[in-house]
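So the chains spell out like this:
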Amino acid sequence: IFSYLHMKYLFFSWLAVFVGSWIVYVEYSSYTELCRGHDCKNSICDKYRKGVIDGSACSSLCEKGTLYLGKCFSSKPNSQVRPAVNFSSLGVIKCQMEEVPNYDLGAEMEPKKEAVAFNKPTKGTSVEKFKEMILVFSLQAKVGDQANLPDLATVVLSIADANKDGHISLPEARSMWALLQLNEFLLALVLQDREHTPKLLGFCGDLYVVEKVPYSPLYGISLPWVIELWIPAGLRRSMDQWFTPSWPRKAKISIALLELVEDIFHGTFGSFLMCDVSATNFGYNDRHDLKVLDARYIVPEASFQEGMRERRCDVDEDCLYGVDCHTSCDLTKHRCTPEVTRPNLAKACSALKDYILRGAPSDMSEELEKQLYACIALKGSAEQMEIEHSLILNNLKTLLWKKISHTKDS
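This is a predicted model, so every value here is computed, not measured.

**Focus on the pattern of salt bridges**
Under the defined criterion, the tally for this structure stands at twelve salt bridges. Here Lys50 makes a salt bridge to Asp46, at a shortest N to O gap of 3.2 Å. Relative accessible area serves as the criterion here: at 62%, Lys50 is assigned to the exposed category. Note on Asp46: relative accessible area 35%, which makes it partly exposed. Linking Arg236 and Asp240 is a salt bridge whose minimum nitrogen-to-oxygen distance equals 2.6 Å. On the basis of relative accessible area, Arg236 is assigned to the buried category, the value being 13%. When its relative accessible area of 18% is taken as the criterion, Asp240 is described as buried. Three or more residues are tied together by salt bridges with common partners; here these are Arg237, Lys353 and Asp354.

The structure is reproduced here in C-alpha cells:
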C-alpha cells in the first residue's frame, strides 16, 4: 500500500511540476516573442538614418536617446504597444513591427498584412501631387465621398510637416503615407478636436507616440484561466464591476462613450463603424474623460460596405467583421449585404449596461434600465432609423446629465 501511495504521490508531483513548467515556458516565450522592442527600434532607426523616413519623434528615438521603450503592453505580435518615456510627457509608443493592417477589407474581411516598404510617394513627387494622392487614393478610398476630404487632407499635411519648416520632405511624406493606412491613426486625425482619442505626440515612419491613458480597461479584472473556469458567468460579470469609479464618474464616462458614437456617425470626416465595443478597448484619464485605447476595429463605413459586397457567404455567420459588425447573407448572390444589423449605439449600450446600472440612484435606475434596453434592441443601420437612433441617444445623455450636472464630477 505504501509503495502504491508513494508512486501515486510521485506521479502527481511530477505532473504538477511538468504542467507548471510548461505554462511558465509558454507564457515567457509568448512574451519574448511579442515584446521585440529592440527589433522595432532598430528597424525604424535604420530607415531614418538612411533618409527613407522622418518624423517628429525620429531624432528623440534614434539620435538623442530621450525617447526609449519600456515594458510591452501589447498582446498582438504585429502591433507593439510600449510606454514612451521622456517624450514631451509620459506616452505610449505604437509600433507595427514591419507589418501593418492593409485597409483593403477584401473578400476575407480581415486586416491583411503587407510589408511596409516606405516606397510611396516616389522621388520627384510634388506637394500638390502628394495632396492628390492623399485625397483620392487614401482618404476617399477609406472614408468615401461624403466626408469633408479637403479639410482632412489639410490636417494630414500639417501633421506631416514634422519640423514645422513650411515644407514636407520626401521622408516625412513616406512616414505619413504609411500612417494613413492604419485605422487607429486615421481615427485620431478625424477626432483630433475631440477628447475621445489620446493626443498624438509624435511619429517616425509608421511608429507613433500617443499620450498614455492612466486607467484601463474601462472595467473588468484579469484572472488566471484556471480560476476563470470555475466562476459562473453571472458572478464573473459582477466581479468585473467591483473596481470602478463612483457612479457620477461612471455616468460622465458613459456620456462620453455616447458622444463618441455621435461623433463618428455622419461626422465631418465620414461615418465609422465600431466593430469591437469591449471594455478592454477603452479607458479614462484623471478627469474621467473617456479615451479609446485600441481603434483598429473602428473602421470607415465606406470601406466596410465595399468589402462586404465582395465577400462570399453561405450563411449569415459568414458576414462578420471584428467582434460586433454583422451583416446578412444574400443567398441569391451568395454575397454579404453591406448594411450592419446593429448600429454603433446598440453595441455601446450593451457594453455600458452592467457598468452604469450598478450603483445607479434608486430614483432613476428603473428609467435608466428601460432606456438602455430600448437602446440595446435597436436593429438595422443608423441611417435606416436615424430619428429613433437620435431620440434614444439624446434621451440617455439627458437622463445621465441631469443626475450629475449639479455635482463636481460633471
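**Points about the packing of helix H4 (residues 127-143) against helix H5 (residues 149-160)**
Two elements in contact, H4 and H5, have axes separated by 10 Å at closest approach and are oriented at 120°. What the angle tells us is that H4 and H5 run oblique. When you trace H4 past H5, the crossing you get is right-handed. Of the residues in H5, those touching H4 at Phe130, Lys131, Ile134, Leu135, Leu139, Gln140 and Val143 are Leu149, Pro150, Leu152, Ala153, Thr154, Val156 and Leu157.

**Here we look at the confidence of the model for the protein**
Summary statistics for the protein give a mean pLDDT of 83 and a share of 82% for residues scoring 70 or more. Contacts for the low-pLDDT stretch residues 106-115, under 50 throughout, to residues beyond four places or in other chains number 30 contacts.

**Some points on the state of the cysteines**
One pass over the structure, following the stated rule, counts seven disulfides. The partner cysteine of Cys40 in its disulfide is Cys95, sulfur to sulfur 2.0 Å. Disulfide Cys40-Cys95: the torsion about the S-S bond is 120°, which places it as right-handed. On the criterion of sequence distance, the pair formed by Cys40 in helix H2 (residues 37-49) and Cys95 in strand E3 (residues 89-95) is long-range, its members being 55 residues apart. Each member of the pair, Cys40 as well as Cys95, is classed as buried. Bridging Cys319 to Cys336, the disulfide has an S-S length of 2.1 Å. The chirality of the disulfide connecting Cys319 with Cys336 is left-handed, given an S-S dihedral of about -90°. On the criterion of sequence distance, the pair formed by Cys319 in the loop between helix H11 (301-309) and strand E12 (320-321) and Cys336 in strand E15 (residues 335-336) is long-range, its members being 17 residues apart. The burial state of Cys319 is the same as that of Cys336; both residues are buried.

**Concerning H2**
Over its 13 residues, H2 runs 18 Å from end to end, which matches the ideal 18 Å to within 8%, given 1.5 Å per residue. Downstream of H2 by a residue or two, Gly51 has a phi angle that is positive, lying close to 80°.

**Let's talk about the packing of aromatic side chains**
Per the counting criterion, the structure on display carries five aromatic pairs. With 5.3 Å between their ring centres and 25° between their planes, Tyr219 and Tyr355 make a pair best called stacked. Remark: Tyr355 occurs in helix H12 (residues 344-357) and Tyr219 occurs in the loop between strand E7 (207-211) and helix H8 (225-228); sequence separation between them is 136 residues.

**Some thoughts on unusual backbone geometry**
Across the junction of Lys120 and Pro121, the peptide omega takes the value -5°, indicating a cis bond. With an omega of -5°, the peptide bond running from Ser216 to Pro217 counts as cis. Despite not being glycine, Lys164 has its phi angle at roughly 55°, a positive value. Within the element layout of this structure, Lys164 appears in the loop between H5 and helix H6 (170-179). For Lys164, a relative accessible area of 58% translates into the label exposed. Even without being a glycine, His288 presents a positive backbone phi close to 60°. Counting through the fold element by element, His288 comes out in the loop between strand E9 (282-284) and strand E10 (290-292).

**Quick word on a nonpolar patch on the surface**
Together, Trp225, Val226, Leu229 and Trp230 line one region of the surface with nonpolar side chains, adding up to about 570 Å² of accessible area. In this structure, Leu229 sits in the loop between H8 and helix H9 (233-239).

**Considering the nonpolar core**
Met176 and Leu368 are the most contacted members of the largest nonpolar core, which totals 75 residues. It is helix H10 (residues 247-263) that provides the largest number of residues to this core, a total of nine residues. If you count residues domain by domain, this core takes at least three from each of domain 2 (37-98 + 121-211) and domain 3 (246-405). Residues contacting Met176, with those up to four places away along its chain left out, are Phe130, Val156, Ile159, Ala160, Phe185 and Phe203. Of all hydrophobic cores here, the second largest spans 18 residues; its members include Ile44, Cys45, Tyr48 and Ala57.

**Some thoughts on the environment of Tyr48**
Along the polypeptide, Tyr48 turns up in helix H2. Using a relative accessible area of 16% as the deciding quantity, one classes Tyr48 as buried. In this structure the C-alpha to C-alpha distance between Tyr48 and Pro171, which are 123 residues apart in sequence, comes to 8.2 Å. Polar side-chain contacts of Tyr48 include one of 3.3 Å to the side chain of Glu63.

The rules behind each value
- Residues numbered from 1 in each chain as written.
- Predicted model: local features only at pLDDT ≥ 70, side-chain atom pairs only at ≥ 80, totals over all residues.
- Heavy atoms only, no water.
- Salt bridge = Lys/Arg side-chain N within 4 Å of Asp/Glu carboxyl O.
- Buried < 20%, exposed > 50% of the residue type's maximum accessible area, 1.4 Å probe, protein only.
- Axes fitted to C-alpha atoms, helices over the stretch in contact; angles between N-to-C directions.
- Helix = DSSP H or I, 4+ residues; strand = E, 2+ residues; numbered from the N terminus.
- Parallel < 35°, antiparallel > 145°, perpendicular 65-115°, else oblique.
- Left-handed = near helix turned anticlockwise from the far one by under 90°.
- Contact = heavy atoms within 4.5 Å.
- pLDDT = per-residue confidence, 0-100.
- Disulfide = S-S within 2.5 Å.
- Expected span 1.5 Å × (residues − 1).
- Phe/Tyr/Trp six-rings, centres within 6.5 Å; stacked < 30°, edge-to-face > 60°.
- Patch = residues over 30% accessible without salt bridge, like charges linked within 9 Å, V, L, I, M, F, W, Y side chains within 5 Å.
- Areas by Shrake-Rupley, 256 points an atom, 1.4 Å probe, with all protein chains shown as cover.
- Core = buried A, V, L, I, M, F, W, Y, C linked by side-chain atoms within 4.5 Å.
- Domains from an automatic or database assignment.
- Polar contact = N/O pair within 3.5 Å; in protein donor to acceptor, adjacent residues only side chain to side chain.

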